[in-house]
Amino acid sequence: MIVLPQILRLFRGVLPALALLVLAPCCRRIPLYDPCSGIFLQLDIRLADETGLSADIDYDADPGLLEKVRGRMPERVHVCFYDAVTHALAAEDFLPAEGGFVDVPAGTYDLLVYSLGCESTRISDGGGRTGVYAFTGGNENAVIQEPDHLFAGRIPGVTVPVRAEMDRTVVINCELTTILETYTLEVKHVEGAGRIREAEVYVSGQAPGKYLWDRRFQNKPCAVSFRCRIDAGKGHLFSVFNTFGKLPGVRSDVYLQVLATSEDGGRYQWTFDVTDQFDNPDNIGHEIIIDEPVTVPESGTGGLLPTVGNWNAEVTELPLSWDRRMHIPNPSYTNN
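Rules behind the numbers
- Residues numbered from 1 in each chain as written.
- Predicted model: local features only at pLDDT ≥ 70, side-chain atom pairs only at ≥ 80, totals over all residues.
- Heavy atoms only, no water.
- Buried < 20%, exposed > 50% of the residue type's maximum accessible area, 1.4 Å probe, protein only.
- Helix = DSSP H or I, 4+ residues; strand = E, 2+ residues; numbered from the N terminus.
- Pairing = 2+ DSSP bridges.
- Polar contact = N/O pair within 3.5 Å; in protein donor to acceptor, adjacent residues only side chain to side chain.
- Phe/Tyr/Trp six-rings, centres within 6.5 Å; stacked < 30°, edge-to-face > 60°.
- Lys NZ or Arg CZ within 6 Å of the ring centre and 35° of its normal.
- Salt bridge = Lys/Arg side-chain N within 4 Å of Asp/Glu carboxyl O.
- pLDDT = per-residue confidence, 0-100.
- Contact = heavy atoms within 4.5 Å.
- Core = buried A, V, L, I, M, F, W, Y, C linked by side-chain atoms within 4.5 Å.
- Axes fitted to C-alpha atoms, helices over the stretch in contact; angles between N-to-C directions.
- Arc of directions from axis to C-beta.

### Brief notes about the pairing of strand β16 (residues 236-243)
Okay, step 1: The buried fraction of β16 amounts to 8 of the 8 residues, a majority that puts the element mostly inside the structure.
Okay, step 2: Side chains His236, Phe238, Val240 and Asn242 of β16 all project onto a buried face; the interleaved residues Leu237, Ser239, Phe241 and Thr243 project onto the opposite face, where all are buried too.
Okay, step 3: Relative to β16, strand β11 (residues 181-187) runs antiparallel, the two being bridged by 7 bridges. Looking at β16, one finds that Glu181 is bridged to Thr243.
Okay, step 4: Note that strand β15 (residues 222-231) and β16 share 3 bridges and pair antiparallel. Residue pairing across strands places Arg229 opposite Phe238, the latter belonging to β16.

### Observations concerning the side chain of Lys246
Okay, step 1: Tracing the backbone through its elements, the reader meets Lys246 in the loop between β16 and β17 (255-262).
Okay, step 2: Side-chain polar atoms of Lys246 contact the side chain of Asp279, separated by 3.3 Å.

### Quick word on the packing of aromatic side chains
Okay, step 1: Overall, the coordinates contain 7 aromatic pairs when judged by the stated rule.
Okay, step 2: Ring centres 5.7 Å apart and planes at 80 degrees place the aromatic pair Phe81 and Tyr109 in the edge-to-face group. With Phe81 in strand β2 (residues 76-83) and Tyr109 in strand β5 (residues 107-115), the pair connects residues that are 28 residues apart, well separated along the chain.
Okay, step 3: On the basis of relative accessibility, which here comes to 2%, the residue Phe81 falls in the buried class.
Okay, step 4: Accessibility expressed as a relative area gives 7% for Tyr109, which makes it buried.
Okay, step 5: Judged by centre distance (4.5 Å) and plane angle (35 degrees), the rings of Tyr183 and Phe278 are tilted. In this pair, Tyr183 is assigned in strand β11 and Phe278 in helix α3 (residues 275-279), connecting sequence segments 95 residues apart. No difference in accessibility class separates Tyr183 from Phe278, as the two residues are buried.
Okay, step 6: Three or more aromatic residues link up through ring pairs in this structure, and these residues are Tyr183, Phe226, Phe241 and Phe278.
Okay, step 7: Sitting over the face of the ring of Tyr211, Arg216 holds its NZ or CZ atom 3.8 Å from the ring centroid.

### Some details on the environment of Ser225
Okay, step 1: Here Ser225 is to be found in strand β15.
Okay, step 2: Ser225 sits in the buried class, given a relative accessible area of 15%.
Okay, step 3: Spatially, the C-alpha atom of Ser225 lies 9.7 Å from that of Gly138, the residues being 87 residues apart in sequence.

### A few points about the pattern of salt bridges
Okay, step 1: Taken as a whole, this structure holds 10 salt bridges when the rule is applied.
Okay, step 2: Across the pair Arg72 and Glu119 runs a salt bridge, and its minimum N-O distance is 3.1 Å. Remark: Glu119 occurs in the loop between β5 and β6 (122-125) and Arg72 occurs in the loop between α2 (63-70) and β2; sequence separation between them is 47 residues.
Okay, step 3: With its nearest N and O atoms 3.3 Å apart, the salt bridge here joins Arg227 to Glu198. Of this pair, Arg227 sits in strand β15 while Glu198 sits in strand β13 (residues 196-206), and the two are 29 residues apart along the sequence.

### A few points about the confidence of the model for the protein chain
Okay, step 1: Within the protein chain, residue pLDDT values average 80, and 74% of them lie at 70 or more.
Okay, step 2: Segment residues 305-336 is flagged for pLDDT under 50; beyond a separation of four residues in sequence, or across chains, it makes 78 contacts in the model.

### Observations concerning the nonpolar core
Okay, step 1: One finds Leu185 and Leu256 to be the most contacted residues of the largest nonpolar core, which totals 26 residues.
Okay, step 2: Secondary-structure elements contributing two or more residues to this core are β11, β13, β15, β16, β17, β18 (267-273) and β19 (287-290).
Okay, step 3: Those residues in contact with Leu256 that sit more than four places away from it in its chain are Leu185, Val201, Tyr202, Val203, Trp270, Thr271, Phe272, Val274 and Ile288.
Okay, step 4: If you look at the next biggest cluster of nonpolar residues, it comprises 21 residues, including Val77, Tyr109, Phe151 and Cys174.

### A look at the sheet that holds strand β4 (residues 99-102)
Sheet strands associate in pairs through backbone hydrogen bonding, adopting either a parallel or an antiparallel arrangement.
Okay, step 1: What the 7 strands build is an open sheet, ordered β3-β2-β5-β9-β10-β1-β4; its pairing is mixed. The two strands at the open ends of the sheet, each matched to only one other strand, are β3 (89-96) and β4. Between one strand axis and the next, the sheet turns by 20 degrees as a mean value, whatever way the strands run.
Okay, step 2: The pairing of strand β9 (residues 151-160) with strand β10 (residues 170-178) spans 2 bridges and is antiparallel. When the bridges of β10 are listed, Ala152 appears paired with Thr177.

### Side note on α2
Okay, step 1: Buried residues of α2: Leu65, Lys68 and Val69, and no others. In an axial view of α2, the angular spread of the buried residues amounts to 95 degrees, which keeps them on one side of the axis.
Okay, step 2: Here the buried face of α2 lies against β11, β15 and β16.
Okay, step 3: Looking one or two residues beyond α2, the residue adopting positive phi is Gly71, at roughly 85 degrees.

Below, the structure is given as structure tokens:
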């Protein structure tokens, strides 16, 4: 016969076991922030700043233009560790924008980190440290799509110690900045700007892409295309545009070509030589300003039906005696 003290002892033995069975599904270890190694990569992604750009453009009123200037904070980055001697890829990881722990064997590496999630800028990985190349879509022999900001950082000669010898977490700080150059454009004297339905701009003499490690270009000029905003009240065409950069050298003169379509279907073309503005070291604000007046006629009987094709082997000289307000043929550039 079981008496009361024995029953109480039985429950005291069973209750802890029942509690464990009840709580076991609810309590599990989630190692979200536990280090998988002793190496923490701390990232600092620097969005661009509109300070110093043209004050005549209201960036805050146009989120699209402001994003062209500053870029967008990425959600993820690609982390690449290259052998410091062979420059071959030794390890890689994908991290959130703020960084995280990386598991890398002991050794010395060249570190390259770049952002993911761009809309138009793409990455081609040539297999080694110097082969990672950023580019956009389009006709690579003539006109490319305007790139959007890609942020990249690099640190040569990063030493990862043997884990058994580490007595603390090793923090690697890496700053990421945009690989692009940002310019503002203003065509200031457009008579009949209110008659323009849309305007597209082509800027020649630009690089089609950029290598991330040493920021060098391919020697193959192209044009970058983008849409222009219209301010009918001021008689302005304006925009912000991004480019991988102007190609250096005497053969990379820069022509800016505006193709405007009027409300009644007329199409008009104006071409301007803006090489000096690109090459001017005092143009720290990267402002491209067109002060020459242009006119959009009241009727659509004039104008052109211009087309943009492949650019041939030589630069087309524009005689100074020509009236730039007239329709000027497309400049041509070498692909070599």
